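Coordinates in review
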Amino acid sequence: MKKFINWVVSGWMLILFFVGFFLFWEYSIPLFDIPRYILPAPSEIVSKGSADLDKLIYYTGVTGLETVLGYIIALVLGLGFGIAISFSSILRRTLYPFFVSIEMTPKIAFAPLFISWFGFGLMPKVIIVVLVCFFPIVLNAILAFNSLSNELTLFYKSTGASTLKTFFKIRLPAALPQCFVGFKYAAINATVGATIAEFIGSDKGLGFYISIVTGNMRPDLAFAGIFFLTCLGLSVFGFVTMMEKILIPWHISMKRINK
Amino acid sequence: MKNFIEISELIKVFGSGRDEVHAFGPATINISTGEFVSILGPSGCGKSTLMLMVAGLLNSTSGKVEFENKLVKGPKTDIGIMFQDNTLVPWRTVKENIELQLELRGLNLKDYQEQIDNLLKSVSLEDFADRFPNELSGGMQQRAAFCQAMIHDPKIILLDEPLGKLDAMTREKIRADFQKLWMIKKPTVIFVTHSIEEAVQLSSRVILITPRPGKIDREIIIDLPYPRESKVKRSPKFIKYVNSIQEVFQKYGVI
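Conventions adopted
Position numbers for residues count from 1 along each chain, tracking the sequence in the order it is written. Starting at A for chains and at 1 for ligands, labels are handed out in the order in which the entities are written. Whole-chain, interface and lining totals are the exception, using all residues; otherwise, since this is a predicted model, local features are given only for residues with pLDDT of at least 70 and side-chain atom pairs are given and counted only at 80 or more. In computing side-chain properties, one takes all heavy atoms of the structure into account and sets aside hydrogens as well as water. Helix and strand assignments come from DSSP, with helices taken as H or I runs of at least 4 residues and strands as E runs of at least 2, each series counted from the N terminus. pLDDT: the predictor's confidence for each residue, scored from 0 to 100. For each residue, the accessible area found with a 1.4 Å probe, counting protein chains only, is set against the maximum for its type, and the residue is called buried under 20%, exposed over 50%, and partly exposed in between. Note that the arc is computed from the directions linking the helix axis to the C-beta atoms. Whether two residues are in contact is decided by their heavy atoms: any pair within 4.5 Å suffices. Strands qualify as paired when DSSP identifies two bridges or more between them. Whenever a helix is involved, its axis is fitted only over the stretch in contact; in every case the axis is a line through C-alpha atoms, and angles between N-to-C directions fall within 0 to 180 degrees. Any Lys or Arg side-chain nitrogen located within 4 Å of an Asp or Glu carboxyl oxygen qualifies as a salt bridge. Here a polar contact means two N or O atoms within 3.5 Å. Within protein one must be a hydrogen donor candidate and the other an acceptor candidate, and residues neighboring in sequence count only if both atoms are side-chain atoms. The term buried area means the drop in 1.4 Å probe accessible area that two parts suffer when joined, counted for both and summed. Here roughly perpendicular refers to angles of 65 to 115 degrees, roughly parallel to angles under 35, roughly antiparallel to angles over 145, and oblique to all remaining angles. Two helices cross in a left-handed way if the nearer one is turned anticlockwise from the farther one by less than a right angle. They cross in a right-handed way if the turn is clockwise. Lys, Arg, Asp and Glu make up the charged group, whereas Ala, Val, Leu, Ile, Met, Phe, Trp, Tyr, Cys and Pro make up the nonpolar group; the residues left over, Gly among them, are polar.

This part takes up unusual backbone geometry. Omega for the peptide link from B:G25 to B:P26 comes to 5°, which places this bond in the cis form. Note that B:P26 resides in strand β2 (residues 21–32). Although it is not a glycine, A:D33 sits at a positive phi angle of roughly 60°. In this structure, A:D33 sits in the loop between α1 (2–31) and α2 (42–51). The phi torsion at B:K186 lies on the positive side, around 50°, for a residue other than glycine. Along the chain, B:K186 turns up in the loop between α5 (168–185) and β8 (188–193).

A separate point is the confidence of the model for chain B. Residues with a pLDDT of 70 or more make up 99% of chain B, whose mean pLDDT is 91. Across the predicted assembly, pTM comes out at 0.86 and ipTM at 0.91.

In this section: helix α5 (residues 111–118) of chain A. Residues and elements named next belong to chain A. The complete set of buried residues in α5 reads A111, F114 and I115. All buried residues of α5 project into a common sector of 100° when viewed along the axis, lining one side. For α5, exposure combined with an orientation more than 90 degrees from the buried face picks out S116 and W117. Each element contacted by the buried residues of α5 is listed here: α6 (122–145) and α8 (163–200). Just downstream of α5 lies G119, where phi reads positive at about 85°.

Attention now moves to the sheet that holds strand β1 (residues 3–14) of chain B. Residue and element names in this part refer to chain B. If you walk across this open sheet you meet the 4 strands as β2-β1-β4-β5, and the pairing is antiparallel. Two strands close off the open sheet at either side, each with one partner strand: β2 and β5 (70–71). Together, β1, β2 and β4 (62–67) form the strand contacts of helix α1 (residues 47–54), whose direction differs from that of β1 by roughly 125°.

Residues and elements named next belong to chain B. Applying the stated rule across the entire model yields 24 salt bridges over all chains. The salt bridge partner of K185 is D153, with a shortest N-O separation of 3.0 Å. Here D153 lies in the loop between α4 (138–150) and β7 (156–160) and K185 lies in helix α5, a separation of 32 residues in the sequence. Taking relative accessible area as the criterion, K185 reaches 32% and is therefore assigned partly exposed. For R175, the salt bridge goes to E198, with nearest N and O atoms at 3.2 Å. Of this pair, R175 sits in helix α5 while E198 is found in helix α6 (residues 196–202), placing the two residues 23 residues apart along the sequence.

Residue and element names in this part refer to chain B. With respect to the secondary-structure elements, E135 resides in the loop between α3 (113–122) and α4. Overall, the relative accessible area of 38% leaves E135 in the partly exposed class. There is a polar contact of 2.7 Å between the side chain of E135 and the backbone nitrogen of F132.

A separate point is the pairing of strand β10 (residues 216–221) of chain B. Residues and elements named next belong to chain B. The sheet contact formed by strand β9 (residues 205–209) and β10 spans 5 bridges and is antiparallel. Residue pairing for β10: I207 is matched across the bridge by E219. Between β9 and the antiparallel strand that follows it, β10, lie 6 residues.

With that settled, consider the interface of chain B and chain A. Opposite the 23 residues of chain B that make contact, chain A presents 19 residues. Counting each side, the surface lost to burial between chain B and chain A is near 1,900 Å², with a carbon and sulfur contribution of 73%. Summed over the three residues of chain B that lose the most area to chain A, namely B:W91, B:L104 and B:N134, the buried surface amounts to 36% of that side. For the interface between chain B and chain A, the tally reads 1 salt bridge.

So, on to the sheet that holds strand β3 (residues 36–40) of chain B. Residues and elements named next belong to chain B. Across the sheet, 6 strands lie side by side as β6-β7-β8-β3-β9-β10; this open sheet has mixed pairing. The open sheet has two edge strands, β6 (79–82) and β10, and neither has a second partner. Strand-to-strand twist across the sheet, computed as the mean angle between neighbouring axes with direction ignored, equals 15°. Where β7 meets β8, 5 bridges bridge the pair, whose relative direction is parallel. Bridging across to β8, L158 finds its partner in I190.

Residues and elements named next belong to chain A. You can see I246 is positioned in helix α10 (residues 219–247). The exposed category is assigned to I246, whose relative accessible area is 55%. Between the C-alpha atoms of I246 and I29, which are 217 residues apart in sequence, the distance is 45 Å.

In this section: the packing of α4(B) against α5(B). Geometry of a packed helix pair, given as the angle between the helix axes and the separation of the axes. Residue and element names in this part refer to chain B. The N-to-C vectors of α4 and α5 enclose an angle of 15°; their axes lie 10 Å apart at closest approach. With respect to their mutual orientation, α4 and α5 come out roughly parallel. Viewed along their axes, α4 and α5 form a crossing whose handedness is right-handed. Of α5, the residues touching α4 (which contributes G139, Q142, R143, F146 and M150) are T170, K173, I174, D177, F178, L181 and K185. In terms of residue class, the contact of α4 with α5 is built from 5 nonpolar, 3 polar and 4 charged.

Laid out in structure tokens, this is it:
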């Protein structure tokens, strides 16, 4: 009961903050005499944006597909390479330092190259999303699979269990919390990658839309596009967070108790 | 009695060249079936290293360990092992953690349900079978870990300072639980500790290890009848044992 009250109190405060924020935005436009082509009022963003709704929804689908496809590919590759590197000392001495050094380069800098290699279609965007998502996933997976406690390692060795059995019963579940740190970070990166890829070269998608309407001096529509992008990003991140709650409920409850 | 475990001239050296650290040995120890042997020594003397070598979880630099005349080469699997930091996993309940031992060994869970219940009852954890480790106190966790180490009826139980992080009262309670279970099942126990009282109260024999590199200073047979309840600690004989061990360690300047 106390928890519920706390939730309502903090929830209301957040809602109140947002209402206040948008009210301030709405009324500061006439108050400070801000021109519409610089910053439109929220009400104008809604009314102008809803006229373009069909396009915005379609483009959200386009960008969403790039984001989700890229993210899933990065997830599979990142987890696969992460596990392989954790279990192979040869890969740990070759691929791992290679990945760490690539992590230092801003991956988005490759975007123009990919566009020039693969054209304006879906593929270069997906590749760029994979690129920005892969590294946080693989590096966190390596960290995760290498941080099993000494005691647990000795314990499973003393049982004589097979590598496969210990993997599924101990190593994998023990690694999941740290893996999810990477998954979540990558989920935030994913929409960023897709948007920038569309800025550079595309004929559809929210990134394309935002760059076109901004060029046409329509910040109201740009904000509408940003709103849809935010929704997309939130859904991807929300889905990953939900998966974390489903797959490792024990980890969430542990954090709660430790607080 | 025949020697169940024979440890001969065992030495462990970590690293090589200038980084070489002589961690343990040489030491020769013989242990009979059903003995409760404490390995007592100051921290850093290599007593945990000795235990890991006995379990086959760490290679020795020289010397050998034999169980019933069989040389230990890789990890021994007919053992139960317990550490200061327990091996309970946070995603399984107490009962499921005990079952983990069985699952990893490919044993049939159904055959052990009654034993699990009995073990939990013997350490007063029967009401906590379905709780997760993080919902338990440190002492309860160690008791659950003890059940995990014992469920498959190992002939040898290796305990590496299992009570190290617990408060005095909890230690007292768990000591009694250990003793009770040991007296029922009579496994051979190697108990690594730095508590003199604990060693004297629990063991049939205490092996005193010198500061690093750990060598055997002497062995003391504790001739007190079991079960040894906590009032045994006020008996003159007990106090004599404790004092004589203290004198040894005072000689080395560790206390």
